[in-house]
Amino acid sequence: YKFQFQADYWEIENPAGHKINSEVVKTAFWWKAFNFPLNNEDKFIVEEVKYIFREVYHWCRLKGITRGNSHDFHNHLGKINLLNIASNYFEIPNTLTTFRLAGLEKMKGLDLVAKSFTSSLTSTNSSLMTTEVKQDLLHPEYPWYLQEKIVSDADITIFVCKDKLFAYERDRKELKGLDWRTEQAFDINVKEWKKFDLSKDEIKATKQFCQHINVEWGRLDLMREDSGLVFLEYNANGQWVFLDYAD
């Protein structure tokens, strides 16, 4: 890609010669592109590139043409605060963030999973998926994000696009592990997710939650229990393309 940015003009050109610039751009949307590993690149160069593209995004924001949520949404409203808000509208699992295992006694007797806040990769380009852990084996020098293990027959995701809600479910019966993300087929002929209709109460709860946090875009991840939907997290700029296989 070729790129230029001056105080009053920017332009991006792809390898095929297609261009977009500050004179023709109509809308800017932020996606989780920075989660893609730039292997074998100096960390300094990676951070420089990230800075530049944040500049382009905010140029568009100042022009009032951005849509969706900002790249730093979760810097202002993260997973624990979102859980607290969601508890007004959904059931939520017992959750603990702990340094040196402080507060772990409050999770006594519960089956737990460990999760990641940031979805960042390790120095070896590995990632922490949802993983079941034993309380007595947790290392006290690791910053743990722990959640009660929810036993459910289906994963639920609700894609929010302004006033429209698109709900999908994935059967968990055939999963070998806990995290469906490790077992995706990525095959157009394999329909892993099935669209379904939310109940009136579920629609109301979802829209009230979105109004509470002032968003009209994103994905809610939930599970289903006999008592109803259990809220797990909200992804302000989460991935959604895997749902294309369902349509």
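Please read these numbers as outputs of a predicted model, since none were measured by experiment.

Rules of the game
- Once a new chain begins, its residue numbering starts again from 1 and follows that chain's sequence as written.
- For a predicted model such as this one, the threshold for reporting local features is a pLDDT of at least 70, and the threshold for listing and counting side-chain atom pairs is 80 or more; totals across whole chains, interfaces and linings nevertheless cover every residue.
- Side-chain metrics in this entry use all non-hydrogen atoms of the structure; hydrogen atoms and water are not considered.
- Helix and strand assignments come from DSSP, with helices taken as H or I runs of at least 4 residues and strands as E runs of at least 2, each series counted from the N terminus.
- Patches draw on residues past 30% relative accessible area with no salt bridge. Two like charges within 9 Å are joined, as are two nonpolar side chains (Val, Leu, Ile, Met, Phe, Trp, Tyr) within 5 Å.
- Exposure was quantified through the Shrake-Rupley algorithm and a 1.4 Å probe, taking into account, for residues, occlusion by the shown protein chains and nothing else.
- For this document, the term salt bridge refers to a Lys or Arg side-chain nitrogen within 4 Å of an Asp or Glu carboxyl oxygen.
- Lys and Arg are tallied as positive, Asp and Glu as negative. Neither His nor the chain termini are counted.
- Charge positions come from single atoms, namely NZ of Lys, CZ of Arg, CG of Asp or CD of Glu.
- Categorising residues by exposure relies on relative accessible area from a 1.4 Å probe, with only protein chains included: less than 20% of the type maximum marks a residue as buried, more than 50% marks it as exposed, and the intermediate range marks it as partly exposed.
- Buried and open spaces are told apart on a 1 Å grid over the protein atoms alone, a cavity being a set of points where a 1.4 Å probe fits but cannot get out and a pocket being an open set with protein on both sides within 12 Å along at least five of seven lines. Residues with an atom within 4 Å of a point are the lining residues.
- Grid points are joined across faces, edges and corners, and a volume is the space filled by probe spheres set on the points.
- Note that Gly is not counted as nonpolar here; it falls among the polar residues with everything else outside the nonpolar set of Ala, Val, Leu, Ile, Met, Phe, Trp, Tyr, Cys and Pro and the charged set of Asp, Glu, Lys and Arg.
- At least two bridges found by DSSP between two strands are what make those strands a pair.
- Residues belong to one nonpolar core when they are buried, are Ala, Val, Leu, Ile, Met, Phe, Trp, Tyr or Cys, and are joined through side-chain atoms within 4.5 Å.
- Only heavy atoms enter the contact rule, under which two residues are in contact if any of them lie within 4.5 Å.
- Where helices are involved, their axes are fitted lines through C-alpha atoms of the stretch in contact, as for all axes, and angles between N-to-C directions lie from 0 to 180°.

Regarding unusual backbone geometry
Here is step 1 of the chain: The phi dihedral of Lys162 falls on the positive side, at around 60 degrees, and the residue is not glycine.
Here is step 2 of the chain: Within the secondary structure, Lys162 is located in the loop between strand E10 (154-161) and strand E11 (164-171).

Thoughts on a negative patch on the surface
Here is step 1 of the chain: A surface patch of negative charge is lined by Asp153, Asp171, Glu174 and Asp226.
Here is step 2 of the chain: Here Glu174 shows up in the loop between E11 and strand E12 (194-196).
Here is step 3 of the chain: Here Glu174 falls in the exposed class, since its relative accessible area comes to 70%.

Regarding empty space enclosed by the protein
Here is step 1 of the chain: In the structure shown here, the tally under the stated rule is two cavities of 30 Å³ or more.
Here is step 2 of the chain: By volume, the second largest cavity is sized at about 30 Å³.
Here is step 3 of the chain: Lining the second largest cavity are Phe159, Trp217, Gly218, Arg219, Asn235, Ala236, Asn237, Gly238, Gln239 and Trp240.
Here is step 4 of the chain: Residue contributions to the lining of the second largest cavity peak at three residues, all from strand E13 (residues 217-225).
Here is step 5 of the chain: Classifying every residue of the lining of the second largest cavity by side-chain character gives four nonpolar, five polar and one charged.

What to know about the pattern of salt bridges
Here is step 1 of the chain: Per the counting criterion, the structure on display carries nine salt bridges.
Here is step 2 of the chain: The salt bridge involving Lys50 is made with Glu47; its shortest N-O contact spans 3.8 Å. On the criterion of helical spacing, the pair formed by Lys50 and Glu47 is a turn pair, its members being three residues apart in helix H1 (residues 43-62).
Here is step 3 of the chain: Shared partners join several salt bridges into a network, and the residues in it are Lys79, Lys115 and Glu233.

Description of the pairing of strand E14 (residues 228-235)
Here is step 1 of the chain: Where burial is concerned, most of E14 is hidden: seven out of the eight residues are buried.
Here is step 2 of the chain: Between E13 and the antiparallel strand that follows it, E14, lie two residues.

Here's the deal with the nonpolar core
Here is step 1 of the chain: Of all hydrophobic cores here, the largest spans 25 residues; its most connected members are Phe90, Phe209, Ile213, Leu220, Leu222, Phe231 and Tyr234.
Here is step 2 of the chain: Taken together, the elements giving at least two residues each to this core come down to helix H3 (79-86), E10, helix H4 (200-213), E13 and E14.
Here is step 3 of the chain: Discounting chain neighbours no more than four positions away, the residues touching Ile213 are Phe73, Leu77, Leu82, Ile85 and Tyr234.
Here is step 4 of the chain: Within the second largest apolar cluster, nine residues are counted, among which are Leu96, Leu104, Ala114 and Trp144.

Here we look at the sheet that holds E10
What links the strands of a sheet is backbone hydrogen bonding, and the strands pair in either a parallel or an antiparallel sense.
Here is step 1 of the chain: Sheet architecture is open: five strands sit in the order E12-E11-E10-E13-E14, paired in antiparallel fashion. Where the open sheet ends on each side, the last strands, each with one partner, are E12 and E14. Direction aside, neighbouring strands of the sheet carry axes that sit 30 degrees apart on average.
Here is step 2 of the chain: Pairing of E10 with E13 involves seven bridges; the strand directions are antiparallel. What sits directly across from Val160, in E13, is Gly218.
Here is step 3 of the chain: On the sheet, H4 packs against E10, E11, E13 and E14 and is oriented at approximately 30 degrees with respect to E14.

These values are about where atoms sit, not about what they do.
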